[in-house]
Amino acid sequence: MEEKHMQSVLISLLRQDKVQLWTEPFISDQQKIQELAQKYVSATEFTLEEVISTLESIRADTSRKDEGNKEFKETAVASLELHLPKTAEIKKKKVQLKTKLDITTQELKKQISEEYGFKHFNLILTGTTLSPGKRLDEQNVKNNSKIMVLVVSSEQEKTEMLKNEEKKRQQDEGFQRTQKGFQILSERDGSEDPTTTPFLEIADQKGNPLQIPDSERKALILAMGFHEKGRALMKKRNHSAALSHLLQADEQFNKCNSALLKTVDNYAVLQLDVVWCYQALQQLDCLNDARERLERAEDCFKRCYGEQQSRLQQIKGHTGGEDVLFLRLYLLQSLLAYHDGKKNQALNKLRNVEELYGQLGLDPEKMLQLLTLGFSEQEARLGLRACRGDVEAAERLITQRKKEKKELKEREREKRRRRLQDINTLVELGFSKRDAARALHQSRGDVDKAYGVLLDSAEAQSSDTQTNLDQLLALGFQQDMANSALRIMGDDLAQATQMLLDNQGVVPPDLLSPSPPSSSSEEPSTSYDSTASGSSRLDEELVNEALEDIPRHEEDYLDLTLDEEKQLMEQIRSSLEKQSSSSG
């Protein structure tokens, strides 16, 4: 941390003075380096020896990178920075290694073993163990990547390798299941029976549903789903798996209209969560990305909450709960300022953090008072913070919030009951449940307009059906079989033709028998695959898994214990004090 800090301070001064150490006169004239170092000693808290050594290191690194980049462009040979374990034979901690990136990790390990004599070791790239059988470029290894060599025992290496492979397999599988579960939820339109079928709706900060175009609604549900899964993994301190989910959430958020992201704070919270994972995994290579994300978060909070949180006060009637987000924002800004060598900025931000931490600490007596009234620990914590420690105000707020939530649920239940009633009315007129639901959605709940939409669609479909039927008859199939095949296949000519060809022009009898009515859809199956019901069960499994990580309380993201934050505060404070005492 200290070496990185010194480099950041001096790089900042070099940029300020527009000094390029890798050019003349600094390459050949050592006296010039001495003079520059003397100048920077008075501007920093470092000794002359430390400044000279760091300037030499910066010059060597930059020259090496320039040469390496040129070589990589011309020959595709990459330069990797290996961080070696200290041994009696190896005094140097960092070494350069040249290699192509289309080789496997196992081949690279062989090269390292021959060069440095290590027998059993793992290679770690930004917190992840490289898989032996995979190519380097497939695992995000790039020119100038920093790789740690972690020496292990023979048995440990074998166990570690198996454990990591299993963990990676489980993570990948879990990731795919999460994605599939939220995809299913994003495609539901609320027409199913709410008592049996989960449905997600996007709401504002008061819990009222927002009108969002279908394409954006799907992206938002996926974004929020991945975000919640990532947050659940963060709570378990599994920051590596959390980060992959959070980055996927970020990708989905970026598919949404930027105007929409200005009305909700989810996007800002996500940026904070990504940077929190970076610091937890000590991914210092991500500093530039972290800086940009924190800027986006701060801008987004200002837009959502208004100056001095005035908009938030209007919407919610209180602002204390959101202070935990600003505490985390200032804390990460302090950490970045420290790494950038901006000591005063780091100190100022840390003071803001410590002030907020003092305000957000909870009095156990007040907590107990609210718990005795029958409120949960989470409700008590959120209520007290929102009302800045006022017990009576917190009690009123929690009670009011519960009442509003109950009323909102009632309104939503009534709205969906009326919607199901309207769908059933259209079904009785001969339309399928799915088509009726889509038409109602299109006409914003107007039954008469939906009926008109369905009639127009039926006329067009009838014309298409006749065309498809004529084509099947022209191929020599019987009219009753052609009709049945088209009906079962939802008027898909290619599938209907294939079914008849596979069965010598006859529709299998089991497909002709009427199927029992389903609670979620009256539509005939669009496939004659016998695994359809199994697939439906799997869908429900995936949906239930996805919903497990959706918190019950809409302000769960504000409910931080602040234990991790306190630990990071103390680390930064200690580093800053150590620096001051060494300069004194």
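Residues numbered from 1 in each chain as written. Predicted model: local features only at pLDDT ≥ 70, side-chain atom pairs only at ≥ 80, totals over all residues. Heavy atoms only, no water.

A. Molecular detail of the pattern of salt bridges. By the definition in use, this model includes 16 salt bridges. The partner of Arg 417 in a salt bridge is Glu 414, with the nearest N and O atoms 2.8 Å apart. Placement of both Arg 417 and Glu 414 in helix 16 (residues 391–428) is noted, with a separation of three residues, approximately one turn of the helix. The exposure class of Glu 414 is partly exposed, given its relative accessible area of 31%. Taken together, the shared-partner salt bridges connect Arg 231, Asp 273, Arg 328 and Glu 565 into one network. (Salt bridge = Lys/Arg side-chain N within 4 Å of Asp/Glu carboxyl O. Helix = DSSP H or I, 4+ residues; strand = E, 2+ residues; numbered from the N terminus. Buried < 20%, exposed > 50% of the residue type's maximum accessible area, 1.4 Å probe, protein only.)

B. Quick look at the packing of aromatic side chains. Under the criterion given, the structure shown has six aromatic pairs. Taken together, a centroid distance of 5.7 Å and an interplanar angle of 70 degrees make the contact between Phe 253 and Tyr 267 edge-to-face. With a gap of 14 residues between them, Phe 253 in helix 7 (residues 239–253) and Tyr 267 in helix 9 (residues 266–280) connect regions that are remote in the sequence. Of the two residues, Phe 253 and Tyr 267, both sit in the buried class. Ring geometry for Phe 301 versus Phe 326: centroids 5.3 Å apart, planes at 45 degrees, classification tilted. (Phe/Tyr/Trp six-rings, centres within 6.5 Å; stacked < 30°, edge-to-face > 60°.)

C. Spotlight on the pairing of strand 5 (residues 146–151). Bridge analysis of strand 1 (residues 77–83) against strand 5 gives three bridges, and the strand direction is parallel. The partner of Glu 81 across the bridge, within strand 5, is Lys 146. Pairing analysis gives five bridges linking strand 3 (residues 121–125) to strand 5, with the strands arranged antiparallel. Following the sheet pairing, Leu 125 is matched in strand 5 by Ile 147. (Pairing = 2+ DSSP bridges.)

Everything listed here is a matter of coordinates, which is why it stays silent on function.
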